[in-house]
Amino acid sequence: MIDVTYLKRLILNRNKDLDLKLDEISDLLEYGSLNRNEVIKFTEYALDLAIAEENRAVKESLFRILLNAVTFQEVAKTVEWDKLANVIPTLDAPILDYALTIIGFSKNQKFINVIEPYLHSPTDYIRQTAAEALVEINYDPEKSQ
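Here the structure is a predicted model, which means the values were calculated and not measured.

Peer 1: How should helix α2 (residues 18-31) be read in this particular structure?
Peer 2: Count 3.6 residues to each turn of an α-helix, and residues three or four apart come out pointing the same way. With 14 residues, α2 extends 20 Å between its outermost C-alpha atoms, agreeing within 8% with the 20 Å of an ideal straight helix rising 1.5 Å per residue. Where α2 is buried, its residues contact α1 (4-13), α3 (36-52) and α4 (56-72).

Peer 1: Sorry if this is basic, but what is going on with unusual backbone geometry here?
Peer 2: Residues apart from glycine generally show negative phi values, whereas peptide bonds are mostly found in trans. In this structure, Arg 14 takes a positive phi of about 50° despite not being glycine. Within the secondary structure layout, Arg 14 lies in the loop between α1 and α2. Of note, the phi angle at Lys 107 is positive, near 65°, even though the residue is not glycine.

Peer 1: Where do I start with helix α8 (residues 124-138) in this structure?
Peer 2: Here α8 is 15 residues long and its end C-alpha atoms lie 22 Å apart, about the 21 Å a rise of 1.5 Å per residue gives. Those residues of α8 that fall on the buried side of the exposure criterion are Ile 126, Thr 129, Ala 130, Ala 133, Leu 134 and Ile 137. The arc that holds the buried residues of α8, viewed along the axis, is 140°, so those residues lie on one side. With respect to the buried face of α8, the exposed residues turned more than 90 degrees away are Asp 124 and Val 135. Against the buried residues of α8 lie α6 (93-105) and α7 (112-115).

Peer 1: Would you mind showing me how to read the pattern of salt bridges here?
Peer 2: Two side chains that carry opposite charge are able to pair once their charged atoms sit near each other. Tallied over the full model, the rule gives nine salt bridges. Linking Arg 64 and Asp 23 is a salt bridge whose minimum nitrogen-to-oxygen distance equals 3.3 Å. On the criterion of sequence distance, the pair formed by Arg 64 in helix α4 and Asp 23 in helix α2 is long-range, its members being 41 residues apart. Residue Asp 124 is joined to Arg 127 by a salt bridge in which the shortest nitrogen-to-oxygen separation is 2.1 Å. You can see Asp 124 and its partner Arg 127 sitting in helix α8, three residues apart, about one turn around the helix. Residue class for Asp 124 comes out exposed when judged on its relative accessible area of 54%. Arg 127 sits in the partly exposed class, given a relative accessible area of 29%.

Peer 1: How should the nonpolar core be read in this particular structure?
Peer 2: Grouped burial of nonpolar side chains is what soluble globular proteins tend to show. Ranked by internal contacts, the top residues of the largest apolar core, which has 49 residues, are Leu 7, Ile 25, Leu 29, Leu 62, Phe 63, Trp 81 and Leu 84. Element by element, the count of residues in this core is highest for α4, at eight residues. If near-sequence neighbours (up to four positions away) are discounted, Leu 84 is found in contact with Leu 47, Ile 51, Phe 63, Leu 91, Ala 99, Ile 102 and Ile 103.

Analysis parameters
Every residue gets a number counted from 1 within its own chain, in the order that chain's sequence is written. For a predicted model such as this one, the threshold for reporting local features is a pLDDT of at least 70, and the threshold for listing and counting side-chain atom pairs is 80 or more; totals across whole chains, interfaces and linings nevertheless cover every residue. Hydrogen atoms and water are omitted, and side-chain values are computed over all heavy atoms in the structure. Per the convention used, a helix needs a DSSP run of H or I reaching at least four residues, while a strand needs a run of E reaching at least two, with both numbered from the N terminus. Any helix carries an expected span of 1.5 Å times its number of residues minus one. Contact criterion: two residues are considered in contact whenever any of their non-hydrogen atoms come within 4.5 Å of each other. Partly exposed residues are those whose accessible area sits between 20% and 50% of the maximum for their type, while under 20% is buried and over 50% is exposed, using a 1.4 Å probe and protein chains only. It is the directions from the helix axis to the C-beta atoms whose arc is reported. Every case where a carboxyl oxygen of Asp or Glu lies within 4 Å of a side-chain nitrogen of Lys or Arg is listed as a salt bridge. We define the nonpolar core as a collection of buried residues of types Ala, Val, Leu, Ile, Met, Phe, Trp, Tyr and Cys that are connected through side-chain atoms lying within 4.5 Å of one another.

Shape is all these values report; function is a separate question.
So, in structure tokens, the structure goes:
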């Protein structure tokens, strides 16, 4: 089970094992068979936390959780990512890498304009991630068969 209340308590309490607990959540999203509606609610809440988080390590862990939710629980098309698209210009490279990938998995054409500027990033892997995100947005499995 994936629980918003548990994540809320973890973030509010900030125990010394926070990073370990966030990694456990990330693993659960990667390997668990979870209730889709719970994962969607959890992902939406984690997105709000990730955007607001000021601690860089915690922020990165939250973005890893988001990436695992979209990659392994396939909620990218169901969660509204406008909030993420709006903060993309404020993110530093490692977290930007996660954000561009997530936006790509959304398959939402409206984010193409958000991603395209990063095709000219001075950072190689950000350019690569932006290109992959655009491919992902435009990928249609029906047309590839």
